[in-house]
Amino acid sequence: MSECGCETVTEPAMKPLEEALELLLSHARTVSGTEVVPLAEANGRVLAESVVSRINMPPWDNSAMDGYAVNSADISAPGTGLRISQRIPAGAAPQPLEPGTAARIFTGAPVPEQADSVVIQEVCRQEGEQVVIDEVPQPGANIRRAGEDTRVGQAVLEAGTRLGAQHLGLAASVGVGELTVYRRLKVALFSSGDELINPGQPLGPGQIYNSNEYTLQALLQSLGCELVSLGIVADTFDATCDALARAAAQADLVMTSGGVSVGEEDHLKPAVEKLGSLDLWKIAIRPGKPLAFGHIEGTPFIGTPGNPVSLFVTFCLFARPFILKSQGVGESQLVPTPVPARADFDWPKAEKRREFARARLQLDGEGLGRVSLYSSRSSGVLNSLTWANGLAILPEGQTLARGDTVRFIPFSELLK
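Just so you know, these numbers come straight off a predicted model, no measurement behind them. (Residues numbered from 1 in each chain as written. Predicted model: local features only at pLDDT ≥ 70, side-chain atom pairs only at ≥ 80, totals over all residues. Heavy atoms only, no water.)

With that settled, consider the pairing of strand β6 (residues 101-105). By the criterion of burial, β6 is predominantly enclosed, with five of the five residues buried. Neither face of β6 is open: one carries Thr101, Ala103 and Ile105, the other Ala102 and Arg104, and all of them are buried. Taken together, the five bridges between strand β5 (residues 80-88) and β6 define a ladder with parallel strand orientation. Considered in β6, the bridge of Arg83 is made with Thr101. (Buried < 20%, exposed > 50% of the residue type's maximum accessible area, 1.4 Å probe, protein only. Helix = DSSP H or I, 4+ residues; strand = E, 2+ residues; numbered from the N terminus. Pairing = 2+ DSSP bridges.)

This part is about the packing of helix α1 (residues 17-27) against helix α6 (residues 308-326). Where α1 contacts α6, the two axes come as close as 9 Å, and the packing angle between them is 25°. On the basis of their axis angle, the class for α1 and α6 is roughly parallel. Viewed along their axes, α1 and α6 form a crossing whose handedness is right-handed. Residues Leu17, Ala20, Leu21, Leu24, Leu25 and His27 of α1 pack against Leu317, Phe318, Pro321, Phe322 and Lys325 of α6. (Axes fitted to C-alpha atoms, helices over the stretch in contact; angles between N-to-C directions. Parallel < 35°, antiparallel > 145°, perpendicular 65-115°, else oblique. Left-handed = near helix turned anticlockwise from the far one by under 90°. Contact = heavy atoms within 4.5 Å.)

Attention now goes to the nonpolar core. The biggest cluster of nonpolar side chains holds 49 residues, and the ones touching the most others in it are Leu220, Met255, Ile302, Phe315, Phe318 and Ile323. Secondary-structure elements contributing two or more residues to this core are α1, β13 (186-192), α3 (211-222), β17 (253-257), α6, β25 (390-394) and α8 (411-414). Setting aside residues no more than four positions away along its own chain, Ile302 makes contact with Leu24, Leu253, Val254, Met255, Thr256, Leu291, Ala292, Phe293, Ala319 and Phe322. Core analysis: the next-biggest nonpolar cluster, separate from the first, contains 18 residues, Phe190, Ala248, Ala271 and Ile296 among them. (Core = buried A, V, L, I, M, F, W, Y, C linked by side-chain atoms within 4.5 Å.)

Now for helix α4 (residues 237-249). Compared with the 18 Å implied by 1.5 Å per residue over 13 residues, the 18 Å span of α4 between its first and last C-alpha is a close match. Among all positions of α4, only Thr240, Cys241, Ala243, Leu244, Ala247 and Ala248 are buried. Taken end-on, α4 shows its buried residues confined to a sector of 165°, consistent with a single buried face. In α4, those exposed residues whose orientation departs by more than 90 degrees from the buried face are Asp238 and Ala249. On its buried face, α4 is in contact with β13, β16 (226-233), β17, α5 (268-275), β20 (292-296) and β21 (299-304). (Expected span 1.5 Å × (residues − 1). Arc of directions from axis to C-beta.)

Remember that the coordinates give geometry; whether it matters functionally is a separate question.
If you want it as structure tokens, here you go:
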């Protein structure tokens, strides 16, 4: 009790990033339910069943180059001439190579029986019905062997893979036309704030446009989520409780922006605690300290800060890996690996919180990566995110000087 007789509330200490992320991921549960989709609709989805090849790839020995298929034993010295006995384009079914002859062959075409080498056309001269070979070939040269890439029964794609163009191409190459994927994660979202108004409407006194709604929607769509938007919710406790309950009843995850701080008009924290539990509130990072995580009647809840840059950073660092794991993505694909570069700035003051600064990575005249920082640290400046191409990690309790190594996370790794 305080001297005035009031109850003293002790706020929880800020959690380190690693501890907070571990807590979130420990609560992530893979969605139940799968569906079978054609390859053309599988981009960005998460594979629920491994893909096993039913064929060898390549299915037969084939030529890696345009040239001539030969038996290397027939060419003892440069300048040897051989009769051209057949022409083998891709898709053809060749005859066995006649002894002492060469077969004109093209990239991807099956290598004929009795041939053990392909001589590239750049070292050959065609003279009438003969080819003169100016280089003695080695056995096996320029031949892609059957099964060299994939063999029958080999798992070519593992469950938990988030599918991209390369994965779909590989599946197609082994003849798989459909894939079993997890259903999409359904996310219900809303914004909190009486000052918010949707774009396209005239601004009234004290109003701002609801940019967070569109930032959050785009981030969720990039992860393949199914969205349920409840729009803008009034800054009252009852309205917040009602929106949270409705959202939790129809989604796998509830996400909000704003209302997670400690002001008198910030109702999300007490509303979540009334309807469920709040497991996380403050994290020792900048921007994005007031990130809320908990459950509403069993449904996970992530409340991002109202400042637009804080929303963006906390989504990338925490919500994104939580969502990916909930979609069935394997552990190794959840968190991007920062790349080292040289600081093109000074950071003379050691901060208490780890900073994820909006930054731009560019190559200098020597081809080395140099990281520069945006001029403002304000978490309300959306321009900084369009200027930057990633986040520079500035460790807590440390200073940096120009030329020091700094870790950098490209947006290309965070926005996919």
